[in-house]
Amino acid sequence: MKELLTYIVQSLVEKPEEVSVTERVHGGETVYEVRVADGDMGKVIGRQGRIVKEIRILMRAVAQRQGKKVSVDIMD
C-alpha cells in the first residue's frame, strides 16, 4: 500500500524524487505521512482539499479490502 500511495503522489507532483512516504502504526491503524517539495504541496492537496480527500478515500478502500485501517497525513 505504501508503494501505491507513493506512485499516486509522485504522479501528481513536479519533483517526484522529493516525495517521501513514511509508515507508522498507531493504535491498530497504519498512518502514512506524505512529504513533498514546498512548491508541490498545492498539487497534492488540490483546490479546497479535493485531491487529498480522494487519495484518502482510495487508500481506505484498498485497506478495507485487506481488513486494515489506514489514514493519510500530508506533512509540512
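Our structure's up above, just so we're on the same page.
Thresholds applied
Residues numbered from 1 in each chain as written. Predicted model: local features only at pLDDT ≥ 70, side-chain atom pairs only at ≥ 80, totals over all residues. Heavy atoms only, no water. Salt bridge = Lys/Arg side-chain N within 4 Å of Asp/Glu carboxyl O. Helix = DSSP H or I, 4+ residues; strand = E, 2+ residues; numbered from the N terminus. Buried < 20%, exposed > 50% of the residue type's maximum accessible area, 1.4 Å probe, protein only.

S.K.: What am I meant to see in the pattern of salt bridges here?
M.R.: Any two side chains of opposite charge can pair, on the condition that their charged atoms come close. Under the criterion given, the structure shown has three salt bridges. Its salt-bridge partner being Lys43, residue Glu14 comes within 2.9 Å of it at the nearest N-O pair. Here the residue Glu14 occupies a position in the loop between α1 (2–12) and β1 (20–26), and Lys43 occupies one in helix α2 (residues 41–45), the gap between them amounting to 29 residues. Judged by its relative accessible area of 60%, Glu14 is exposed. The salt bridge partner of Glu33 is Arg35, with a shortest N-O separation of 3.7 Å. Looking at Glu33, the relative accessible area reads 13%, which means it is buried. The exposure class assigned to Arg35 is partly exposed, which follows from its relative accessible area of 33%.

Interpretation in functional terms is not warranted from these geometric data alone.
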